[in-house]
Amino acid sequence: NAGVTQTPKFQVLKTGQSMTLQCAQDMNHEYMSWYRQDPGMGLRLIHYSVGAGITDQGEVPNGYNVSRSTTEDFPLRLLSAAPSQTSVYFCASSYFGGQSYEQYFGPGTRLTVT
Amino acid sequence: KNEVEQSPQNLTAQEGEFITINCSYSVGISALHWLQQHPGGGIVSLFMLSSGKKKHGRLIATINIQEKHSSLHITASHPRDSAVYICAVPNYGGSQGNLIFGKGTKLSVKP
């Protein structure tokens with residue numbers, strides 16, 4: 001099993017550009033989520049999904065969009081990049097709700113917006 | 001909404017020392033996670049526990065549900081244990097909902 005994969009590993013964007021961060025898992029997990037990690041702060045939830053076709057907002061959803069058309073894939077779209085979105089982004093998955101089951105994290109995407 | 005506090009924020013130890021990292025939360029839960037973030041950035045799950053104690057190699061995690069407190073212990077610490085250790089709990093308590101994460105404890109073990 002590849003586990004949770006994320007692409008790209010690094011990305012530099014100019015303000016106003018859009019892009020999609022890819023996330024895929026091959027463990028048949030229902031629950032998938034996107035977090036951002038900033039210096040001095042804990043991981044913060046952007047969006048999450050409890051199954052194909054079902055998504056919801058987390059703590060910091062503004063400026064991001066998600067969809068879940070398959071169990072395996074959960075892409076994160078930046079609609080119009082801003083310097084405040086410079087961060088490290090992690091995708092994670094688990095069985096059912098994320099609170100009671102082991103979390104599996106992707107390797108992260110380091111995004112810089114200039 | 002749950003709040004998570006970890007202490008200490010930073011910890012430097014000599015190889016072989018016994019390490020303790022603490023995590024407190026504000027809303028009752030039934031499961032708590034300990035995670036490790038390597039210097040290269042990858043995050044792995046170490047423990048998920050709902051009561052008592054769990055042990056994996058030199059790592060021991062304990063939880064006191066009544067006190068809303070958990071500890072992560074590392075026995076005979078080694079430089080390869082250098083990492084950021086993160087605890088996470090359900091955001092709204094109980095066993096439902098998304099996780100909220102502590103800010104992490106950065107551990108550096110010197111040879």
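What you are looking at is a predicted structure, and each value in this text was computed from that prediction instead of being measured.

Engineer: Before we move on, can you summarise the side chain of A:Asp38 with the specific residues and values?
Structural biologist: Residue and element names in this part refer to chain A. Mapped onto the elements of the fold, Asp 38 is located in the loop between strand S4 (31–37) and strand S5 (44–51). Overall, the relative accessible area of 11% leaves Asp 38 in the buried class. Within the structure, the side chain of Asp 38 is placed 2.9 Å from the side chain of Arg 36, a separation counted as a polar contact. Engagement of the side chain of Asp 38 in a polar contact is seen with the side chain of Ser 87, the distance being 2.8 Å. Once residues lying within four places of it in the same chain are set aside, the contact partners of Asp 38 are Arg 44, Thr 86 and Ser 87.

Engineer: Describe the sheet that holds strand S3 (residues 19–25) of chain B, naming the residues involved and giving the relevant values.
Structural biologist: Residue and element names in this part refer to chain B. If you walk across this open sheet you meet the 5 strands as S1-S3-S8-S7-S6, and the pairing is antiparallel. If you trace the sheet from one side to the other, it starts and ends with strand S1 (4–7) and strand S6 (52–56), each paired once. Each strand axis lies, on average, 15 degrees off the axis of its neighbour in the sheet, ignoring direction.

Engineer: Now, about the environment of A:Tyr31: what can you tell me, with residues and values included?
Structural biologist: Residue position: A:Tyr31 is located in strand S4. Taking the C-alpha atoms as reference points, A:Tyr31 and A:Ala92, 61 residues apart in sequence, are found 8.3 Å from one another. There is a polar contact of 2.3 Å between the side chain of A:Tyr31 and the side chain of B:Asn98.

Criteria and thresholds
Residues numbered from 1 in each chain as written. Chains lettered and ligands numbered in written order. Predicted model: local features only at pLDDT ≥ 70, side-chain atom pairs only at ≥ 80, totals over all residues. Heavy atoms only, no water. Helix = DSSP H or I, 4+ residues; strand = E, 2+ residues; numbered from the N terminus. Buried < 20%, exposed > 50% of the residue type's maximum accessible area, 1.4 Å probe, protein only. Polar contact = N/O pair within 3.5 Å; in protein donor to acceptor, adjacent residues only side chain to side chain. Contact = heavy atoms within 4.5 Å. Pairing = 2+ DSSP bridges. Axes fitted to C-alpha atoms, helices over the stretch in contact; angles between N-to-C directions.

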